[in-house]
Amino acid sequence: MGLEAPPIPKQGVEDSEIYIWVQELLIEEGTQWNSPVVQYLFDSETADLIPNMRISAVAEDRLIWCLTRNGKFSMKSAYNKVFELSLGDTEISLKIPSTDITRKEFWKIETWPRVQHFWWKCLADILPTNVRLSIQCGYINRTCPLCMQHEETTVHVLFMCPFSRAVWMLIPGGPNLIAGSCDNITAIFENWLNLVKQHSLQENCLTTAMIVAWSIWTVRCEVQFENKKASPYTVATKAISFATYITKLNEKKKQKSVTEQENGLAVLPVGAMRKCDGIYGNDLRNGYRKRGNSEQAECLAFLDAVKWCAELQRTHIVLETDLKGIESFINDLQPVISWENENILLDVVDCLRKIPHWECYFVSRNCNKPADRLAKYSRRNRVTSVWFDKLPSIIENALLADDTLSPD
């Protein structure tokens, strides 16, 4: 919202050295910037940026470690920075090497962590198959331990081996998943992801496919290192059972989350809370489109809403936010939001002391469709309008369908 580094006085200002502390640039007991002094000391561009920096009413000065989100030092952030500096101009791709799959997209897949880690090795081409190990250790036999006929590559052991194909044939939809399989593991996985995006393949089928491949590799290791006998039917049965368990577990987590969000929630007037990215209301002339990010905009909107309630002398209010970090900070003072925005929420907490009875809840965007739809519309179309009297037509139907606005 302002400067990221200390400003440098403009040339020609002879007495700039007498201004040492930021407090010397403030007036009204430290609540406002001294504009004449700021204009005198700094160039016009810097002087325009400084007033945009918020002055918290209650926050205390403290040292900030800028490499972490909460402003606190961590060895991980220091190591990452040192590693980044060691790379120099080398670019780090956000995608998995040799694929169009982003790392974030891959790790968001809902499956068992061990299965996910296994597939990461497959896509990164570091799965320790006999062929890959023999590159470094020439004495290792390159033959597949499951069929003892062909060389063991990643694609062979998971899809092309007679044993593996027998397993896939026993899986519901398995033949379609390996139909047209090529010698590239990344192409196979990318094809599955594309089918999910096109709604030609359900997400639970993707989970099942990943688990089946992992199960085949697990049995392969038992055969290789423990000399166990493997049965395609047993592998397929266990894989289906485990995939069903993981699918039900994910469904329970989603259902539990939705239930917690829908129970016991009251709503502040629409004009007070639905105003963070897309702006709607009767007294929202400030807007937040010039703010640094959506979290900052949400925090500022939250602060304005609380101030508004205090001005109206409301004694009982319920606050809703679709940002979990805000709810955690307001209720428990957990430092889970960006350190730049903590001062805003400290002012919120201080303002709430003037209101006898208040509650703050997190509401998923699934339960807050009008605000979410308006926000997306504003971002995609770069709309910066403010609606005063008439509802935006794009959210009329969503408001009518929003159960949270019902009199019950």
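Just so it is clear, the model here is predicted, and its values are computed rather than measured.

With that settled, the discussion passes to the overall build of the protein chain. Helix and strand counts for the protein chain come out as 18 helices and six strands. Here the protein chain, with 408 residues, has 38% of them falling under the buried criterion. For the protein chain, the exposed area adds up to about 25500 Å²; of that, 51% sits on carbon and sulfur atoms.

On to the packing of helix α5 (residues 113-123) against helix α10 (residues 185-197), then. Where α5 contacts α10, the two axes come as close as 9 Å, and the packing angle between them is 130 degrees. The orientation of α5 with respect to α10, classified from their angle, is oblique. Of the residues in α10, those touching α5 at Trp 119, Cys 122 and Leu 123 are Ile 185, Thr 186, Phe 189 and Trp 192.

Let us look at the packing of helix α14 (residues 294-311) against helix α16 (residues 339-352). Contact pair α14 / α16: the axes reach a minimum separation of 9 Å and the direction vectors enclose 15 degrees. By the criterion of interaxial angle, the relationship of α14 to α16 is roughly parallel. As for the relative orientation of α14 and α16, their crossing is left-handed in sense. Across the interface between the two elements, Glu 295, Gln 296, Cys 299, Leu 300, Phe 302, Leu 303, Val 306, Lys 307 and Ala 310 from α14 touch Asn 341, Ile 344, Leu 345, Asp 347, Val 348, Cys 351 and Leu 352 from α16. Considering only residue class, the contact of α14 with α16 consists of 11 nonpolar, two polar and three charged.

Attention now goes to the nonpolar core. Looking at soluble globular proteins, one finds that nonpolar side chains tend to be buried together. Counting residues in each nonpolar core, the largest one holds 48 residues, and the members touching the most others are Trp 119, Leu 158, Trp 168, Phe 189 and Trp 192. Mapped onto this core, the elements with two or more residues apiece are α5, α7 (154-160), α8 (162-169), α9 (174-178), α10, α11 (203-226) and α12 (232-262). Looking at which element gives the most residues to this core, the answer is α11, with 11 residues. One finds Cys 299, Ile 317, Leu 345 and Val 349 within the second-largest nonpolar core, a separate group that totals 20 residues.

Following the criterion strictly, the structure yields 17 aromatic pairs and no others. On the numbers, 5.0 Å between centres and 80 degrees between planes, the contact of Phe 106 with Trp 107 is edge-to-face. Among the aromatic residues, those joined into a cluster by ring pairs are Phe 106, Trp 107, Phe 118, Trp 119, Trp 120, Phe 159, Trp 168, Phe 189, Trp 192 and Trp 217.

So, on to the environment of Pro 370. Examined against the element boundaries, Pro 370 turns out to sit in helix α17 (residues 369-381). Spatially, the C-alpha atom of Pro 370 lies 5.5 Å from that of Ile 395, the residues being 25 residues apart in sequence.

Right, let's talk about α14 for a bit. Taking 1.5 Å of rise per residue, 18 residues should cover 26 Å, and α14 covers 26 Å from first to last C-alpha, within 8% of that figure. Buried within α14 we find Glu 295, Gln 296, Ala 297, Glu 298, Cys 299, Leu 300, Ala 301, Phe 302, Leu 303, Ala 305, Val 306 and Cys 309.

Time to look at the pattern of salt bridges. Scanning all chains against the criterion turns up 10 salt bridges. With its nearest N and O atoms 3.3 Å apart, the salt bridge here joins Glu 226 to Lys 228. Overall, Glu 226 belongs to the partly exposed group, its relative accessible area being 47%. Where Glu 327 meets Lys 324, a salt bridge forms, and the shortest distance between an N and an O atom there is 3.1 Å. In this pair, Glu 327 and Lys 324 both sit in helix α15 (residues 324-332), three residues apart, roughly one turn of the helix. Overall, the relative accessible area of 13% leaves Glu 327 in the buried class.

Where nonpolar side chains cluster on the molecular surface, the patch consists of Tyr 79, Phe 83 and Ile 92 and spans about 360 Å² of accessible area. We classify Tyr 79 as exposed; its relative accessible area is 56%.

This part takes up α10. An ideal rise of 1.5 Å per residue puts 18 Å on 13 residues; α10 measures up with 19 Å between its terminal C-alpha atoms. Looking at α10, one finds that the buried residues are Ile 185, Thr 186, Ile 188, Phe 189, Glu 190, Trp 192, Leu 193 and Val 196. Elements that come into contact with the buried residues of α10 comprise α4 (103-107), α5, α7, α8, α9 and α11. Following α10 by one or two positions, His 199 adopts a phi angle in the positive range, close to 65 degrees.

Mapped onto the elements of the fold, Arg 220 is located in helix α11. A polar side-chain atom of Arg 220 sits 3.2 Å from a polar atom in the side chain of Asn 130. Among the polar contacts made by the side chain of Arg 220, one reaches the side chain of Glu 152 at a distance of 2.5 Å. The contacts of Arg 220, once residues within four sequence positions are left out, are Pro 128, Thr 129, Asn 130, Pro 145, Leu 146, Glu 152, Val 157 and Phe 225.

Conventions we followed
- Residues numbered from 1 in each chain as written.
- Predicted model: local features only at pLDDT ≥ 70, side-chain atom pairs only at ≥ 80, totals over all residues.
- Heavy atoms only, no water.
- Helix = DSSP H or I, 4+ residues; strand = E, 2+ residues; numbered from the N terminus.
- Buried < 20%, exposed > 50% of the residue type's maximum accessible area, 1.4 Å probe, protein only.
- Areas by Shrake-Rupley, 256 points an atom, 1.4 Å probe, with all protein chains shown as cover.
- Axes fitted to C-alpha atoms, helices over the stretch in contact; angles between N-to-C directions.
- Parallel < 35°, antiparallel > 145°, perpendicular 65-115°, else oblique.
- Contact = heavy atoms within 4.5 Å.
- Left-handed = near helix turned anticlockwise from the far one by under 90°.
- Nonpolar A, V, L, I, M, F, W, Y, C, P; charged D, E, K, R; others polar.
- Core = buried A, V, L, I, M, F, W, Y, C linked by side-chain atoms within 4.5 Å.
- Phe/Tyr/Trp six-rings, centres within 6.5 Å; stacked < 30°, edge-to-face > 60°.
- Expected span 1.5 Å × (residues − 1).
- Salt bridge = Lys/Arg side-chain N within 4 Å of Asp/Glu carboxyl O.
- Patch = residues over 30% accessible without salt bridge, like charges linked within 9 Å, V, L, I, M, F, W, Y side chains within 5 Å.
- Polar contact = N/O pair within 3.5 Å; in protein donor to acceptor, adjacent residues only side chain to side chain.

Geometric values such as these leave the question of function open.
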